[in-house]
Amino acid sequence: MQHEHQFKTENLNDASINLREEIEKYVYYWKWFVAGIVISIGLAFLYLRYTTNLYEVSTTILIDDKDYGRLTSELSAFEDLGLLGNNKTNLDNEMELLKSRSLIERVVKDLNLNVTYFDEGRLKNTELFQQEALIKLNFFSSDTVFYNVNTVFLIAIKSKTNFVLKNAEGNEIGTHVFGENIHTEFGDFTITPTALNTNMVGKEITIRISRLQNVIDRYRRQIQIRLVNSYSSVILLKLKDPVKAKAQVILDNLVAQYNNDAVEDKSVIAKSTDTFINDRLKIITEDLYDVDKGVEDFKTKNKLTDISSEASFISQTNASIEEKIMDLNTQINLVNYMSDYVLANIEGLIPANLGLKDASVSQNTLKYNELLLERNRIFKSSSALNPIIINLDAQISQLRKSISQSLENFKSVLTISLNDVMRQEVRLNSKITSVPKQEREFRDIQRQQQIIESLYLYLLQKREENAISLAVTLPNAKIIDKAYGSNSPVSPNRKMVYVAAVLLGFIAPFGVIYLLFLLDNKVHTRKDVELVVKAPMLGDIPNSKSENKIVVSELDRSSIAESFRLLRTNINFMLSSVKEASKSIFITSTLSGEGKTFIAINLASVFALSSKKVLLVGADIRNPKISEYLKLKGSKGLTHFLMDDTIKVTDVVESVAEYGFDMINSGAVPPNPSELLMNGRFSEVMAYGKKHYDYVIVDTSPVNLVTDTLLISDYSDLFMYVIRADYMDKRMLEIPKIMYEEKRLPNMAVLVNDTNYEKVYGYGYGYAYGYGYHNDKQKKRWSTKSWFKKTNG
């Protein structure tokens with residue numbers, strides 16, 4: 001268990017180290033992140049500076065969902081008049097009505113929202129509204145042509161009285177005076193200033209006229225309507241617009257238009273009844289005049305003054321019968337009026353509360369009117385094919401038939417009752433045959449007069465009651481809060497934009513760097529090599545920014561010099577099993593340019609510093625670099641020795657006193673390098689080196705390009721395979737892998753050259769060993785990283 005716990009702990013430590021290495025890989029590019037964040041914040045600032053702000057305005061209204069006529073206790077006094085109904089408001093229908101095209105159209109026309117004004121800016125135009133616009137466009141006639149116009153023109157104000165009219169391209173059309181009638185293809189209009197001040201001079205206002213239907217569609221999409229919650233009748237209306245004052249006016253006007261429609265709908269019955277009563281009053285007034293004129297003529301002709309005193313006995317006896325006759329005749333006339341009206345007005349509302357004493361007729365009439373109103377309201381935002389409309393039409397038709405039938409039945413009942421009362425009157429008249437003929441004739445005239453007069457007074461009373469009904473009609477929506485909006489824009493959200501900019505400024509460089517890492521197929525560290533090549537690792541040489549090719553000297557304590565000293569120690573360890581006093585070290589690589597010559601020269605120098613005799617052999621005779629690196633003049637070298645049997649080894653050995661070692665230069669580039677290396681004379685060079693020197697360091701050709709190195713590999717005690725970081729493709733690691741696994745290079749070990757410690761690990765080479773040129777700086781960084789490790793440990 002203890003071993004298992006220890007194993008898990010080691011794995012966790014490895015994971016944390018790997019995570020830290022991954023983070024440090026990105027920290028190396030910290031300037032990218034800083035630049036990305038700065039650029040993103042700058043772009044965010046420009047975006048916010050030149051993006052049009054949107055302000056949200058909202059208003060709340062309470063929809064009447066109680067029985068109509070019971071909104072307030074003050075209206076209860078009118079319930080006995082039958083003026084108030086019991087219409088239940090459907091909130092879904094009301095919300096659809098608030099967004100209906102017809103309602104939005106009236107708002108757009110009322111506020112001229114199809115005409116917008118903009119202040120010309122260098123990069124963006126700012127919308128102006130009402131007094132801010134400085135000018136106002138006035139059309140003489142708003143017809144179909146005007147509402148289908150989609151155009152833009154500019155007004156350049158030159159003075160308090162003059163302006164220049166320009167087209168959308170900025171070309172001048174003409175100079176005009178404020179208030180002047182201007183003729184255009186889409187109608188005549190005038191431009192008037194909204195305020196006379198000196199600030200308006202020099203301003204250039206853009207006027208945009210949009211198609212009415214486009215404006216209506218835009219506001220239908222922008223206006224949001226929803227219930228505050230499912231348990232109330234409160235509706236919330238919201239609108240986002242670049243001009244807060246404009247949005248407030250639009251919402252307030254929308255609610256006002258909606259209330260006007262609701263009042264009109266509720267007043268339809270009362271208005272229809274008023275029309276019916278006024279028409280009947282005109283006819284009855286004429287009838288009443290004719291009857292009064294008859295009474296006057298009768299009294300004049302018969303020279304009568306006070307007939308009532310002479311017939312008091314008859315009047316007292318016949319009073320009750322006459323009252324019944326008048327009442328029945330009144331009801332019959334009302335039935336006739338109602339029947340004629342129902343037949344004449346097939347799709348109209350039926351006058352209600354005329355005083356018919358048949359309850360079924362009154363109830364059916366009220367129900368009919370309610371259904372007809374509901375049908376008309378829904379039909380405004382629907383069509384005749386709507387199932388609700390079809391259902392309502394069926395109910396309305398059935399009720400109309402029922403009303404007509406009820407009127408006929410009621411008329412029959414009234415006629416029977418009237419005939420019965422008339423028979424009673426006949427029996428009474430037989431008892432008063434002694435009454436003069438004039439009395440009887442006057443009684444008939446007087447009865448007719450009273451019937452018409454009572455109907456006339458009754459209609460006058462109903463007209464006043466109907467006027468009260470019109471006066472107390474309340475709107476459908478009560479405004480809880482008028483349109484209001486904050487001075488802070490809701491779009492764009494400044495905080496979110498800046499947060500997104502910072503995130504984008506961080507993510508964009510991260511993504512680019514991650515993509516570069518993803519597409520990067522180069523060898524960077526010894527770990528990359530160790531994953532593929534299982535050969536012993538001699539170490540790695542950090543990259544050097546020095547132009548000097550010889551980076552090792554006696555007093556040099558730079559990081560690269562220390563890395564060569566460490567390399568020397570590792571080589572001695574690798575050669576500890578070699579019994580011979582002199583050791584041969586061959587240096588090769590996969591490709592040209594991986595720094596094997598650089599390694600060979602500095603390795604020779606570092607061995608020389610340890611008081612060892614070192615011979616450096618330039619065996620890369622195809623592409624010699626040693627003389628160039630050491631800045632030596634051309635002289636006889638290895639190729640001369642291999643080609644000329646008369647030349648001795650000592651003839652081509654030259655001393656590099658500055659660095660303390662001897663060297664055999666590569667010599668001239670031969671046409672047949674492989675054959676030269678195979679002619680057997682190279683063994684004399686190696687034998688001479690083994691005899692006279694402690695170390696023989698041979699710079700050979702790249703193994704992937706030519707076979708030269710493999711031809712002389714048997715002379716090596718240690719084969720150093722150089723792999724250059726940030727240069728060699730990882731796919732090429734298969735070559736040293738094969739060389740090691742097939743033992744084609746004896747005692748092969750790998751050296752990674754040109755490693756960028758700061759880029760790969762986040763610290764310099766000196767940090768790893770506590771030495772180096774930037775020792776103080778590295779120690780400070782080590783202290784900081786140690787603190788980071790402690791706080792995260």
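Residues numbered from 1 in each chain as written. Predicted model: local features only at pLDDT ≥ 70, side-chain atom pairs only at ≥ 80, totals over all residues. Heavy atoms only, no water.

J.: I'm lost on the overall build of the protein chain in this one. Help?
T.: The number of helices and strands found in the protein chain is 26 helices and 21 strands. Considering the protein chain as a whole, with its 793 residues, one finds that 43% of them fall into the buried category. Expressed as a percentage of contacts within the protein chain between residues at least 6 apart in sequence, the contacts between residues at least 24 apart total 77%. For the protein chain, the exposed area adds up to about 42900 Å²; of that, 53% sits on carbon and sulfur atoms. (Helix = DSSP H or I, 4+ residues; strand = E, 2+ residues; numbered from the N terminus. Buried < 20%, exposed > 50% of the residue type's maximum accessible area, 1.4 Å probe, protein only. Contact = heavy atoms within 4.5 Å. Areas by Shrake-Rupley, 256 points an atom, 1.4 Å probe, with all protein chains shown as cover.)

J.: Can you walk me through the environment of Glu465 in this structure?
T.: Relative to the helices and strands, Glu465 is located in helix α12 (residues 437–471). The class for Glu465 is buried, based on a relative accessible area of 10%. Along the chain, Glu465 and Asp274 lie 191 residues apart, while their C-alpha atoms are 9.8 Å from each other.

J.: It is not clear to me how the pattern of salt bridges should be interpreted in this structure. Could you clarify?
T.: Pairs may arise between side chains of opposite charge once their charged atoms sit close together. Scanning the model with the defined rule gives 22 salt bridges in all. Here Glu562 and Arg565 are joined by a salt bridge, their closest N and O atoms 3.2 Å apart. Of this pair, Glu562 and Arg565 are both found in helix α15 (residues 559–574), 3 residues apart, which corresponds to roughly one turn of the helix. Among the ionic pairs, Lys625 bridges to Glu628, the shortest N-O distance being 3.7 Å. For Lys625, a relative accessible area of 28% translates into the label partly exposed. Connected through salt bridges with shared partners, the residues Glu580, Lys690 and Asp717 form a single ionic network. (Salt bridge = Lys/Arg side-chain N within 4 Å of Asp/Glu carboxyl O.)

J.: So what exactly am I meant to see when it comes to the nonpolar core here?
T.: When a protein is soluble and globular, its nonpolar side chains tend to lie buried together. Residues Leu137, Ile191, Ile207 and Ile209 are the most contacted members of the largest nonpolar core, which totals 54 residues. Broken down by element, this core gets its largest block of residues, 6 residues, from helix α7 (residues 244–302). The residues contacting Ile209, other than those within four sequence positions of it, are Asn114, Val115, Leu137, Phe139, Phe146, Val149, Asn150, Thr151, Phe153 and Phe186. (Core = buried A, V, L, I, M, F, W, Y, C linked by side-chain atoms within 4.5 Å.)

J.: What am I meant to see in the sheet that holds strand β4 (residues 135–139) here?
T.: The strands making up a sheet associate through backbone hydrogen bonding, with each pair oriented either parallel or antiparallel. Spatial strand order, β4-β9-β8: 3 strands in an open sheet with antiparallel pairing. Two strands bound the open sheet, and with one partner strand each, they are β4 and β8 (182–184). In this sheet, neighbouring strand axes are inclined to one another by 30 degrees on average, regardless of whether the strands run parallel or antiparallel. Both β4 and strand β9 (residues 187–193) contribute to a ladder of 5 bridges, which runs antiparallel. Bridge pairing in β9 places Lys136 opposite Thr192. (Pairing = 2+ DSSP bridges. Axes fitted to C-alpha atoms, helices over the stretch in contact; angles between N-to-C directions.)

J.: I keep staring at the packing of helix α2 (residues 30–50) against helix α13 (residues 494–519) and nothing clicks. Help me out?
T.: The description of two packed helices rests on the angle between their axes and on the distance between the axes. Look at α2 against α13: their axes get within 8 Å of each other, and the N-to-C directions meet at 145 degrees. Relative to α13, α2 is oriented so that their crossing is right-handed. Here the residues of the contact of α2 with α13 sort into 19 nonpolar, 3 polar and 1 charged. (Left-handed = near helix turned anticlockwise from the far one by under 90°. Nonpolar A, V, L, I, M, F, W, Y, C, P; charged D, E, K, R; others polar.)

J.: For this particular structure, what's the right way to read the packing of aromatic side chains?
T.: Aromatic rings in a pair are described by how distant their centres are and how their planes are angled relative to each other. Overall, the coordinates contain 18 aromatic pairs when judged by the stated rule. With 5.3 Å between their ring centres and 75 degrees between their planes, Tyr26 and Phe517 make a pair best called edge-to-face. Here Tyr26 is found in helix α1 (residues 2–27), whereas its partner Phe517 is found in helix α13, with 491 residues between them in sequence. Overall, the relative accessible area of 13% leaves Tyr26 in the buried class. The interplanar angle of 45 degrees and the centroid separation of 5.5 Å between the aromatic rings of Phe139 and Phe189 together place this pair among those described as tilted. (Phe/Tyr/Trp six-rings, centres within 6.5 Å; stacked < 30°, edge-to-face > 60°.)

J.: Looking at this structure, how should I read helix α10 (residues 359–380)?
T.: One full turn of an α-helix is made of 3.6 residues, so residues set three or four places apart face in the same direction. End to end, α10 covers 32 Å across 22 residues, agreeing with the expected 32 Å (1.5 Å per residue, within 8%). The set of residues buried in α10 consists of Val361, Asn364, Thr365, Tyr368, Asn369, Leu371, Leu372, Leu373, Arg375, Arg377 and Ile378. (Expected span 1.5 Å × (residues − 1).)

J.: I'm lost on the environment of Asn150 in this one. Help?
T.: Residue position: Asn150 is located in the loop between α5 (144–147) and β5 (151–157). Using a relative accessible area of 55% as the deciding quantity, one classes Asn150 as exposed. Taking the C-alpha atoms as reference points, Asn150 and Arg211, 61 residues apart in sequence, are found 5.4 Å from one another. Leave out the neighbours within four places in its chain, and Asn150 touches Ile209, Ser210 and Arg211.

J.: Could you clarify how one ought to interpret the pairing of β9 in this entry?
T.: Side-chain direction in a regular strand flips from residue to residue, so the side chains alternate between the two faces of the sheet. Examined bridge by bridge, β8 and β9 share 3 bridges and lie antiparallel to one another. Counted as the bridge partner of Ile182 is Phe189 from β9. Counted along the chain from β8 to the antiparallel partner β9, the turn is 2 residues long.

J.: How should the confidence of the model for the protein chain be read in this particular structure?
T.: For residues with low pLDDT, the predicted coordinates do not support detailed interpretation. Looking at the protein chain, the pLDDT average stands at 81 and 85% of residues meet or exceed 70. Mean pLDDT across the elements of the protein chain bottoms out in helix α26 (residues 775–792) (40) and peaks in strand β19 (residues 695–699) (96). In the model, residues 67–89 has pLDDT below 50 throughout and makes 39 contacts with residues more than four positions away in sequence or in other chains. (pLDDT = per-residue confidence, 0-100.)

J.: Explanation requested: a negative patch on the surface in the structure shown.
T.: A cluster of acidic residues, Asp292, Glu296, Asp297 and Glu453, forms a negative patch at the surface. With 3 residues, the single largest contributor to the negative patch is α7. The class for Glu296 is partly exposed, based on a relative accessible area of 46%. (Patch = residues over 30% accessible without salt bridge, like charges linked within 9 Å, V, L, I, M, F, W, Y side chains within 5 Å. Lys, Arg positive; Asp, Glu negative; His and termini not counted. Charge placed at Lys NZ, Arg CZ, Asp CG, Glu CD.)

J.: Please explain the packing of helix α4 (residues 101–111) against helix α6 (residues 212–222) as it appears in this structure.
T.: Following both chains from N to C, one finds α4 and α6 inclined at 115 degrees, their axes separated by 9 Å at the closest point. Here α6 runs roughly perpendicular to α4, going by the angle between their axes. Taken as a pair, α4 and α6 cross one another with a handedness that is right-handed. The residues of α6 that touch α4, namely those facing Arg101, Ile104, Glu105, Val108 and Lys109, are Leu212, Gln213, Val215, Ile216, Asp217, Tyr219 and Arg220. Of the residues assigned to the contact of α4 with α6, the class counts are 6 nonpolar, 1 polar and 5 charged. (Parallel < 35°, antiparallel > 145°, perpendicular 65-115°, else oblique.)

J.: Help me understand the sheet that holds strand β12 (residues 234–241), please; the structure alone is not making it clear to me.
T.: An order of β11-β12-β1-β13 is seen for the 4 strands of this open sheet, with the pairing classed as antiparallel. The outermost strands of the open sheet, each flanked by one partner alone, are β11 (224–227) and β13 (477–485). Strand-to-strand twist in this sheet, taken as the mean axis angle between neighbours without regard to direction, amounts to 20 degrees. Bridging between strand β1 (residues 55–63) and β13 involves 6 bridges; their strand directions are antiparallel. Residue Thr60 lies in a different strand from β13, and its bridge partner there is Asp481. Across the face of the sheet, α6 comes into contact with β11 and β12 while running at roughly 125 degrees to β12.

J.: Whenever I open this one, the side chain of Asp699 confuses me. Can you help?
T.: With respect to the secondary-structure elements, Asp699 resides in strand β19. Residue class for Asp699 comes out buried when judged on its relative accessible area of 2%. Separated by 3.2 Å, the side chains of Asp699 and Lys596 make a polar contact. Polar contacts involving the side chain of Asp699 include one to the side chain of Thr597, which spans 2.7 Å. Setting aside residues no more than four positions away along its own chain, Asp699 makes contact with Ile587, Lys596, Thr597, Ala600, Val617, Gly618, Ala619, Asp620 and Ile626. (Polar contact = N/O pair within 3.5 Å; in protein donor to acceptor, adjacent residues only side chain to side chain.)

J.: What's the story with the pairing of strand β18 (residues 661–664) in this structure? I'm lost.
T.: Here β18 shows no split at all, with Phe661 and Met663 on one side and Asp662 and Ile664 on the other all buried. Two strands pair when backbone bridges link them, and strand β16 (residues 614–618) and β18 are joined in this way by 3 bridges, in the parallel orientation. The residue bridging Leu615 from the neighbouring strand is Asp662, located in β18. Of the strand pairs in this sheet, strand β17 (residues 653–656) and β18 are connected by 4 bridges, and their pairing is antiparallel. When the bridges of β18 are listed, Glu654 appears paired with Met663. Following β17, the chain reverses through 4 residues before pairing antiparallel with β18; Gly660 in that reversal takes a positive phi of roughly 85 degrees.

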